Every structure is written in structure tokens, then in C-alpha cells.
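Summary of structural features
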Amino acid sequence: MRNNYKLIFLAGFLVVLSLISCKSTPVPEEAPPEAPPALPAPPPAVPAPDPEKGPPDQAAIDALAAAKARLEASRTQAIDVESSRYFPDEWDGVENSYRSLGEPAPSTLGEFRAAVETYGAVADAYDDLVRRSLPLYAADRAREIQEARQGAIDAGAALISPDRLYGADAMVEKAVSQYDAGDYYPALASALAAIDRYNALKTGLEAYATRQQIVDRDFVKYDPVNFEFADDIGLEAIASYDAGRIEDAQDKAEQAALWYALVLDTGWEIFAADHGAAAAKVQQEAYMLKAHVALKKDYDAAAEILKQGDAFFSGRRFAEAVDRYIRAESQFVMVRDTAQEKRRIAEEAIREAEERMARSDENAREAELILEGDTL
């Protein structure tokens, strides 16, 4: 019985021992399945290229070319309306911007687009100068037209050549109409054409006035060849003017005026020389009559005027020389005639005295004879 208890105890002990062994020895786990081989990492994403940093397309190239063309046109307009004269400080500033354009030259699309904006901004600045200068420029041209027209009128256009004056006036009216319509360049062309017409008319009329002086003073005889030549050129000038060739008319009118002036100058020179010679001749006559002694004050005054005439003649101021020569001759004539009259009176007095003396001698002889007769 006691042995049975021992067997039961031994069996329980073995069971406990096995349990303790089970707890201390882990149960082997199943090996996890092998991981599949790692795939290579994808390459990093390449960013899309920035078109602004790329080369310009044809549209950008064309846009820059158009901006440059517009800028040059705007600048030309600013020059034409003399913006630099009306707004010199602003002009210098815009010109500095203009000179700095294109440095460095654009190479990318973005740079081309930026250049288009820059060129446009400078063109806008020129356009602003044009806008502000235009009324000032128009006012100056209006004054120039008025001055040219007045010059033609002063030369006698309204009386001598009214039709040509009205033709120039019509050109002015055309310019005003074009300006009011915003056609500034055609208006400027018409205004300048009117000014040219007035000026040519004035030059031609001045040449005609010189011609009249030659005729009125009978100077044609002094230089008939050149006078005829001037007439031929003057007729050509008139024909060109009436045909609308105003530039040629102006040139011909200037030539005619030059030749007429030469003829007039020659006439005055010869005319003055003749008067100077006449005054000198009378002076010599007065001198021979001892007027420089008998009428010294008057003689010296006339001689001073003659001297002035000679000085004007030497300076080719012939009209003034003639004036002095005529005055000197007149005074020398008075001095000569006065001296001559004084001489006549003196000679008459001497003659009378001599006659009286002769009569006295005769009377004395008669008295002597009487006395002698009484003695006898």
C-alpha cells in the first residue's frame, strides 16, 4: 500500500518536471516566407523646362521688331515737332533711355518679352512729348506763316500780284483743315508749302522793286546787257511759280534780284561819280575866283560836304555820296557866283575909279591948258 503511494508521488513529480521543461524551452516557430527582392528606386521626376528661359519663338521676335519700329516712328515724330526745344529736360531723359536700349541684347523668350515692354515704355514717353509739343509747334508754324505772308504783302503782293497771294492763302486753309482732321504730317507739308510760296513771292516782288528803281532812275543805260539778263531770269521765275515749281521759282527770283542789284549798284556808282565830278568842277571854278579867300567860311563848309561825299563813295554808299555831292555842288555854285559877283563889283569899282581918275586927269589937263592960256 505504501509502495502505491510512492508510485503515485513519483508520477506526479515527473508530470510537474515535464511542465517546467515545456515552459523553459520555446516551441520553435515557423520561418517567415522570404521577402521578394527589392525593386530599384524610380529616378527623381525631371521638372518641366521654363519656356521663359528658352529661346524666343517667332512671335516674340516679331513683337520685338514691331516694338522697335514703333519706337523709331515715335522718336521721329518727336524730332519733327521739335520736342527737344519745347521740353529739353524731358527730351534728354527719354534720349538717355533710348540710348540704353538693347544692352545687353535679349536672348531668351522672357528677355524678348521684357524688351518689348521696355521699348513700348520709351515709345510711350516719346508719344507723350509729341502730344504736348504739337500745339506749341503748330503755334510756331502759324506765326511763321503770318510773318511770311506779311513779308509778301509788304513787298506789294496784294497790289501787284493778288492772285498769287490768294493761292498761297488757299494752301494755308488746306493746312488748317488737315490739322483739324488729325492729319498732322500732311498739314505740316501744306503749311511749309504756303510759307515757301509767300517767301518766293516776296523775293520776286523785291527783285521787281529793284528793277523799277533802275528804270525810274534811267540806270539801264549804264549796264543794258546785265539788265536784259536779269529780265530773262525774272520771267523764268514767274513761269516756275505759276507752274507750281516753287523751289525753282525761289532760286530764279534770287538770281534775278542779284543781277538787278548789280545793275542798280553800277548805275549808282556811275551816277555818283558824275555828280562828284560836277561838284569838283564847280569847286575849282570857285577856287579860281579866290572864293577860298574871299568867302573862306562858306567855301570850307562846301569843301567839307564834298569830302563826306568822297568818303561815302569810297565805302560804296553811292546814294549817300550823291546826296553829299549834290549839296556840295549847290553850295560851291553859290560861293562861286558870290565870289564872281564880288569880283565883278570890285572890277566895276576899279573901272569906275580908273575912269574917274582918267576924267580927273583930263580935267586937270584942261585946267592946265586954261591956266596956260590965261598966262598967255
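Model, not experiment: these values are computed from the prediction. (Residues numbered from 1 in each chain as written. Predicted model: local features only at pLDDT ≥ 70, side-chain atom pairs only at ≥ 80, totals over all residues. Heavy atoms only, no water.)

This paragraph deals with the nonpolar core. Leu 71, Tyr 119, Val 122 and Tyr 126 are the most contacted members of the largest nonpolar core, which has 23 residues in total. Of all the elements in the fold, those that place two or more residues in this core are α2 (58-80), α4 (88-100) and α5 (109-154). The residues contacting Tyr 126, other than those within four sequence positions of it, are Leu 71, Ser 74, Arg 75, Ala 78, Trp 91, Val 94, Glu 95 and Tyr 98. (Core = buried A, V, L, I, M, F, W, Y, C linked by side-chain atoms within 4.5 Å. Buried < 20%, exposed > 50% of the residue type's maximum accessible area, 1.4 Å probe, protein only. Helix = DSSP H or I, 4+ residues; strand = E, 2+ residues; numbered from the N terminus. Contact = heavy atoms within 4.5 Å.)

Residues Asp 196, Glu 247, Asp 251 and Glu 254 make up a contiguous surface patch of negative charge. The biggest single contributor to the negative patch is helix α10 (residues 246-288), with three residues. Position of Glu 254 relative to the elements: it lies in helix α10. (Patch = residues over 30% accessible without salt bridge, like charges linked within 9 Å, V, L, I, M, F, W, Y side chains within 5 Å. Areas by Shrake-Rupley, 256 points an atom, 1.4 Å probe, with all protein chains shown as cover. Salt bridge = Lys/Arg side-chain N within 4 Å of Asp/Glu carboxyl O. Lys, Arg positive; Asp, Glu negative; His and termini not counted. Charge placed at Lys NZ, Arg CZ, Asp CG, Glu CD.)

So, about a nonpolar patch on the surface. The grouping of Leu 159, Ile 160 and Tyr 208 at the surface amounts to a nonpolar patch, some 350 Å² of accessible area in total. Along the polypeptide, Tyr 208 turns up in helix α8 (residues 184-216). Tyr 208 sits in the partly exposed class, given a relative accessible area of 37%.

It is worth spelling out the pattern of salt bridges at this point. Within the structure shown, the criterion is met by 29 salt bridges. The salt bridge involving Arg 316 is made with Asp 265; its shortest N-O contact spans 2.8 Å. Of this pair, Arg 316 sits in the loop between α12 (296-314) and α13 (318-375) while Asp 265 sits in helix α10, and the two are 51 residues apart along the sequence. On the basis of relative accessible area, Asp 265 is assigned to the partly exposed category, the value being 27%. Note that Arg 351 and Glu 355 form a salt bridge whose closest N and O atoms lie 2.3 Å from each other.

Turning next to the packing of α5 against α8. Interhelical geometry of α5 versus α8 gives an angle of 20° and a closest axis separation of 8 Å. Regarding the angle of α5 to α8, the classification is roughly parallel. For the pair α5 and α8, the sense of crossing is left-handed. Residue-level inspection shows Leu 134, Tyr 137, Arg 141, Glu 144, Ile 145, Ala 148, Arg 149, Gly 151 and Ala 152 of α5 in contact with α8, the latter providing Tyr 184, Leu 188, Ala 191, Ile 195, Tyr 198, Asn 199, Leu 201, Lys 202 and Leu 205. A class-by-class count of the residues in the contact of α5 with α8 yields 12 nonpolar, two polar and four charged. (Axes fitted to C-alpha atoms, helices over the stretch in contact; angles between N-to-C directions. Parallel < 35°, antiparallel > 145°, perpendicular 65-115°, else oblique. Left-handed = near helix turned anticlockwise from the far one by under 90°. Nonpolar A, V, L, I, M, F, W, Y, C, P; charged D, E, K, R; others polar.)

Attention shifts here to helix α9 (residues 224-242). Since the α-helix advances by 3.6 residues per turn, residues separated by three or four positions end up pointing in the same direction. Taking 1.5 Å of rise per residue, 19 residues should cover 27 Å, and α9 covers 27 Å from first to last C-alpha, within 8% of that figure. Those residues of α9 lying buried are Asn 226, Phe 227, Ala 230, Asp 231, Ile 233, Gly 234, Ala 237, Ser 240 and Tyr 241. The elements touched by buried residues of α9 are α7 (162-180), α8 and α10. Looking one or two residues beyond α9, the residue adopting positive phi is Gly 244, at roughly 85°. (Expected span 1.5 Å × (residues − 1).)

Mean pLDDT over the chain stands at 87; residues scoring 70 or higher make up 84%. Ignoring residues within four places in sequence, the model shows residues 1-25, a span with pLDDT below 50, making zero contacts including any to other chains. (pLDDT = per-residue confidence, 0-100.)

With that settled, the discussion passes to the packing of aromatic side chains. Counted by the stated rule, this structure contains 11 aromatic pairs. Seen in terms of ring centroids, Phe 219 and Phe 271 are 5.6 Å apart; in terms of plane orientation they differ by 50°. Their pairing is tilted. With Phe 219 in the loop between α8 and α9 and Phe 271 in helix α10, this residue pair connects regions lying 52 residues apart in the sequence. Here the aromatic cluster, defined as three or more aromatic residues joined through ring pairs, consists of Phe 219, Tyr 222, Trp 268 and Phe 271. Positioned above the aromatic ring of Tyr 137, the side-chain terminus of Arg 141 is 4.4 Å from the ring centre. (Phe/Tyr/Trp six-rings, centres within 6.5 Å; stacked < 30°, edge-to-face > 60°. Lys NZ or Arg CZ within 6 Å of the ring centre and 35° of its normal.)

Before going further, it helps to spend a moment on the environment of Phe 112. Counting through the fold element by element, Phe 112 comes out in helix α5. Residue Phe 112 is classed as buried on the basis of its relative accessible area of 12%. Sequence separation between Phe 112 and Asp 57 is 55 residues, and the spatial gap between their C-alpha atoms is 9.4 Å. Beyond its immediate chain neighbours, meaning those up to four positions away, Phe 112 contacts Pro 56, Ala 60, Ile 61, Leu 64, Pro 106 and Ser 107.

Leaving glycine aside, a negative phi is the common case for residues, and trans is the common case for peptide bonds. Positioned with a positive phi, Asp 218 is a non-glycine residue whose angle comes to about 60°. With respect to the secondary-structure elements, Asp 218 resides in the loop between α8 and α9. Positive phi, close to 65°, is recorded for Lys 290, a residue that is not glycine. Within the secondary structure, Lys 290 is located in the loop between α10 and α11 (291-294).

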